[in-house]
Amino acid sequence: MTDSSSETDPTPDDTFSDTMPPPVPWAPAAVRLLQGIVYHDDAGDTWERILSGVTPLTDYFARIGLQLIVNEEDGMAYLRQIDPESLPPEYPSIPKLFRSVRLTFEASLLCVLLREELRQFEEEIHRDGRCVVTQAALLEVWQSLVPTETDDVRANRLLGGQLRKLEELKFVRQFEKDPPSWEVRRILKARLPLQELERLRVDLEAELKRRDAGPDQEEETDAEAGSRRDAEDSAGN
């Protein structure tokens, strides 16, 4: 009788290592792009690998229904799901990779404020630097738009929580902790182009007016606000 405990099955690594294809220099960049947005100033050499491997990366991702977008001017690269209707007819049905993140009314409002800060920064100052805004300045505008939030400490805590949620989506990055300030990342330009920004601003202004009208209408519009904005998040994208 054979002692099964003495038999050693080869591990996947043992067998696969002998049949692996030759390495490609853009492989680390492909994995990072699948994890989320890549900025030119991220740590490591991912940005340089993307620029040197744009053609093979574009081909690789297109085969799995993804579009590689590299914006050298803004120093960022990210993936976008290709509309299934845009795929050639011979392509099989490809499952959706990126999940949609539903933004609350407060997060949507903050996105509009930040996108406006970025627009003014690029138009009035310059494009090459960092758009940094203090949390205190954001709080002042925030409270003017949401007058029901009169407690400064509570309002600042709420604003900070919303900023951290947007940081998870890489829409912002904390620049300084004391006093707190935030860098507005240029991915917001892709997520909120000017035409969409104007539409969302109109919707939010109407929502604020309805909220001021009384609690009976507020209960109804909370549901509307929760479903208004879907931000595509490609594993942190």
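Structure report, in brief. (Residues numbered from 1 in each chain as written. Predicted model: local features only at pLDDT ≥ 70, side-chain atom pairs only at ≥ 80, totals over all residues. Heavy atoms only, no water.)

Let's talk about the sheet that holds strand β3 (residues 76-81)
Stage number 1. Spatial strand order, β1-β3-β2: three strands in an open sheet with antiparallel pairing. Whereas interior strands pair on both sides, the edge strands pair on one side only; in this sheet they are β1 (38-39) and β2 (66-71).
Stage number 2. Taken together, the two bridges between β1 and β3 define a ladder with antiparallel strand orientation. If you follow Val-38 over to β3, its bridge partner there is Ala-77.
Stage number 3. Those strands touched by helix α2 (residues 27-35) are β1, β2 and β3, and its axis lies near 65° from that of β3.
Stage number 4. Seen against the sheet, helix α4 (residues 54-62) touches β2 and β3 and runs at an angle of roughly 150° to β2. (Pairing = 2+ DSSP bridges. Helix = DSSP H or I, 4+ residues; strand = E, 2+ residues; numbered from the N terminus. Contact = heavy atoms within 4.5 Å. Axes fitted to C-alpha atoms, helices over the stretch in contact; angles between N-to-C directions.)

Examining the packing of aromatic side chains
The description of an aromatic ring pair rests on the distance of the ring centres and on the angle between the ring planes.
Stage number 1. This model, assessed by the stated rule, comprises two aromatic pairs.
Stage number 2. Plain terms: the ring middles of Trp-26 and Tyr-60 are 5.7 Å apart, the flat faces sit at 45° to each other, and that makes the pair tilted. Highlighted residues: Trp-26 in the loop between α1 (12-16) and α2 and Tyr-60 in helix α4, separated in sequence by 34 residues.
Stage number 3. Given a relative accessible area of 18%, Trp-26 falls into the buried group.
Stage number 4. The exposure class of Tyr-60 is partly exposed, given its relative accessible area of 34%.
Stage number 5. A network of ring pairs unites the aromatic residues Trp-26, Tyr-60 and Phe-61 as a single cluster.
Stage number 6. Over the aromatic face of Tyr-39 sits the side chain of Arg-185, whose NZ or CZ is 3.6 Å from the ring centroid. (Phe/Tyr/Trp six-rings, centres within 6.5 Å; stacked < 30°, edge-to-face > 60°. Buried < 20%, exposed > 50% of the residue type's maximum accessible area, 1.4 Å probe, protein only. Lys NZ or Arg CZ within 6 Å of the ring centre and 35° of its normal.)

Some words on helix α7 (residues 152-168)
Stage number 1. Between the first and last C-alpha of α7 there are 25 Å, a value that for 17 residues agrees with the 24 Å anticipated at 1.5 Å per step.
Stage number 2. Residues of α7 that are buried include every one of Ala-155, Leu-159, Gly-160, Gln-162, Leu-163 and Leu-166, and no others. An end-on view of α7 places all buried positions within 165° of arc, on one side of the element. Exposed positions of α7 whose direction lies more than 90 degrees from the buried face are Val-153, Arg-157 and Glu-168. (Expected span 1.5 Å × (residues − 1). Arc of directions from axis to C-beta.)

Geometry only, nothing functional implied.
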